[in-house]
Amino acid sequence: MFQTLSALPGGRIRGELRVPGDKSISHRSIMLGALAEGETRISGFLEGADALATMNVFRMLGVAIDGPQRGAVTVRGAGLRGLRPPAGPLDCGNSGTSMRLLCGLLAGQSFESRLLGDASLSRRPMRRVIEPLALMGAKIDSVDGHPPLLVHPVGRLRPAEIRMGVASAQVKSALILAGLYADGTTRVTEPAPTRDHTERMLAAFGVEVGREGSTVSIVGGQPLSGSRIDIPADISSAAFFLVAASIGARAELTLRHVGINPTRTGVLHILRAMGADITEINPRTIGGEPVADLRVRAARLKGLEIPPEWVPLAIDEFPVLFVAAACAEGDTVLRGAQELRVKESDRIAVMAEGLAGIGMPAQVKPDGMRIVGRGAEANPFAGGTVESHGDHRIAMAFAVAALRSSGPITILDTGNVTTSFPGFADMAASVGMRVRASIESGPGR
Ligand code: S3P
């Protein structure tokens, strides 16, 4: 089966919505809940394929999990040493977060595990976790640095002081989780701030996590105690609507209960610096994570040279930010974002190809892109057919582009939208986007 998104030109955005739960926090809620003693009750869980893959993996590791039922999940924790050897390979699907965090968590177990993923995940680099984990004594085999992986049982890990080579929350989190299984204090230094959900959630489970400047530290062997976790709406999913309402004619939209953790708000900084009209309403803290409602109104955007320190804070939002850049007055330049080349697809190449396919050529750089925006008056896109290369965020970004297109945009191979945003097309249509998902017979990817 082959899924397609069809987006008709124009549409007026208005109303309010709550996008699904945060993907990063959903993964971690299952993982930490599984390692805890006692029960963890989760609400707002993302019922998307990636987080469900993590849930399945922990069921295979012997953890009893009820749900998900309308975002409610109960995990009966097995304790730090309570996971059981799985009967077969652990399938992480499309999810890099599952695989990389599991490397750290499984490295200190007394049993062997095999980790595999789909075609996209099988192309993604794993040495970034395998090598630093080896400094702690972990032994993980790969196929030339790629999945499938074999995690050997090594008994106890040793603590280490590790300077990470890439700004990656997945790598940092893998090392912190491995640190739970090391005798002593593990210290991890990151080259730039990345999302800190693991650190915040461990604290909610009663684990002491130290932070000094760019170094996080954890003492191994600390027990986790079951907790309640209320997962906010994912700012990475909200980003599609932040851009849609910014570029759409006469738009006004409220996004409810969005996580605005400062390690995730690069998209807000970038859009605001481009002139977007976004107001945070009723800011609050829920379970250690900052949350607010976001009201967005149409605005005349202008191009921006994106400050490099914002890149890791907006790393998943660039596909749709490129769409915003095309609608802005003047040039937008992104540099220092070579990480985009190793996401679910090469998001620099795939976005450039798609933009060109709908009449908006961009200048590709090894580590970013230059887009000469067409301004608020004209429609920057002509319409056409775009190949998403099975990447959920590429597919949704081009659906947003239709708001400022002269012709329809058809996006191919969009089944993976469900990895992070089940129900995207219906939700988009409910606030005025003219988008529809359809399933055709024929070869999918
Ligand atoms: C994630 C971290 C980011 C992000 C991914 C989710 C996480 O990856 O792109 O979608 O949950 O830790 P990197 O940390 O590898 O940049």
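Everything numeric in this text was worked out from a predicted model, so none of it was measured.

Caption draft 1: How the structure looks around the domain arrangement of the protein. Examined at the domain level, the protein breaks down into domain 1 (2–21 + 232–440) and domain 2 (23–216 + 223–230). Measuring from the centre of the C-alpha atoms in domain 1 to the corresponding centre in domain 2 gives 28 Å. Each partner contributes to the interface: domain 1 provides 29 residues, whereas domain 2 provides 26 residues. Summed over both sides, the interface between domain 1 and domain 2 buries roughly 2200 Å², with carbon and sulfur atoms accounting for 46% of that surface. The largest per-residue losses of area from domain 1 upon contact with domain 2 belong to Arg264, Glu344 and Thr419, which jointly make up 22% of the total buried on that side. Between the two partners, domain 1 and domain 2, sit three salt bridges. In this structure, the salt-bridge partner of Arg124 is Glu344, at a minimum N-O distance of 3.9 Å. For the pair domain 1 and domain 2, the number of links is 13 residue pairs in polar contact (both at pLDDT 80 or more). Grouping the constituent residues of the side of domain 1 that touches domain 2 by class yields ten nonpolar, ten polar and nine charged.

Caption draft 2: Spatial organisation of the sheet that holds strand 16 (residues 228–230). In spatial order, the strands read 5-6-4-16; together these four strands make up an open sheet with mixed pairing. Either end of the sheet is taken by a strand with one partner, and the two such strands are strand 5 (64–69) and strand 16. The mean angle between the axes of side-by-side strands here comes to 10°, regardless of whether they run parallel or antiparallel.

Caption draft 3: How the structure looks around the site of the ligand. Every residue close to the ligand is listed here: Lys23, Ser24, Arg28, Thr97, Ser168, Ala169, Gln170, Arg195, Ile315, Asp316 and Lys343. Arg28 has a polar side-chain atom sitting 2.6 Å from an oxygen atom of the ligand. Here an oxygen atom of the ligand and a side-chain polar atom of Lys343 are 2.7 Å apart. For the ligand, whose unbound accessible area comes to 380 Å², protein coverage reaches 95%. If you list the elements that add at least two residues to the shell around the ligand, you get helix 1 (23–35) and helix 5 (169–179). Classifying every residue of the shell around the ligand by side-chain character gives two nonpolar, four polar and five charged. In this structure, the shell around the ligand is formed jointly by two domains, domain 1 (2–21 + 232–440) and domain 2 (23–216 + 223–230), each of which donates at least three residues.

Caption draft 4: Inspection of the pairing of strand 18 (residues 277–286) at higher detail. As paired strands, strand 18 and strand 19 (residues 289–297) are joined by eight bridges and run antiparallel to one another. Across the sheet, the residue bridging to Ile278 is Val296, located in strand 19. Hairpin connection between strand 18 and strand 19: a loop of two residues separates the two successive antiparallel strands, and Gly287 in this loop has a positive phi of roughly 55°.

Caption draft 5: Here's a closer look at the nonpolar core. Within the largest apolar cluster, 82 residues are counted, with the highest numbers of intra-cluster contacts made by Phe241, Leu255, Phe424 and Met433. When residues no more than four places from it in sequence are discounted, the contact partners of Met433 are Ile13, Phe241, Ala244, Ala399, Val400, Leu403, Phe424 and Ala428.

Caption draft 6: Spotlight on the state of the cysteines. In the structure shown here, the tally under the stated rule is zero disulfides. A disulfide-free cysteine, Cys92 has its sulfur positioned 8.0 Å from the sulfur of Cys103, the nearest such atom. Judged by relative accessible area, which is 1%, Cys92 ranks as buried.

So, how was this worked out
- Residues numbered from 1 in each chain as written.
- Predicted model: local features only at pLDDT ≥ 70, side-chain atom pairs only at ≥ 80, totals over all residues.
- Heavy atoms only, no water.
- Domains from an automatic or database assignment.
- Contact = heavy atoms within 4.5 Å.
- Buried area = accessible area lost by both parts, 1.4 Å probe.
- Salt bridge = Lys/Arg side-chain N within 4 Å of Asp/Glu carboxyl O.
- Polar contact = N/O pair within 3.5 Å; in protein donor to acceptor, adjacent residues only side chain to side chain.
- Nonpolar A, V, L, I, M, F, W, Y, C, P; charged D, E, K, R; others polar.
- Pairing = 2+ DSSP bridges.
- Helix = DSSP H or I, 4+ residues; strand = E, 2+ residues; numbered from the N terminus.
- Axes fitted to C-alpha atoms, helices over the stretch in contact; angles between N-to-C directions.
- Near = heavy atom within 4 Å.
- Areas by Shrake-Rupley, 256 points an atom, 1.4 Å probe, with all protein chains shown as cover.
- Core = buried A, V, L, I, M, F, W, Y, C linked by side-chain atoms within 4.5 Å.
- Buried < 20%, exposed > 50% of the residue type's maximum accessible area, 1.4 Å probe, protein only.
- Disulfide = S-S within 2.5 Å.

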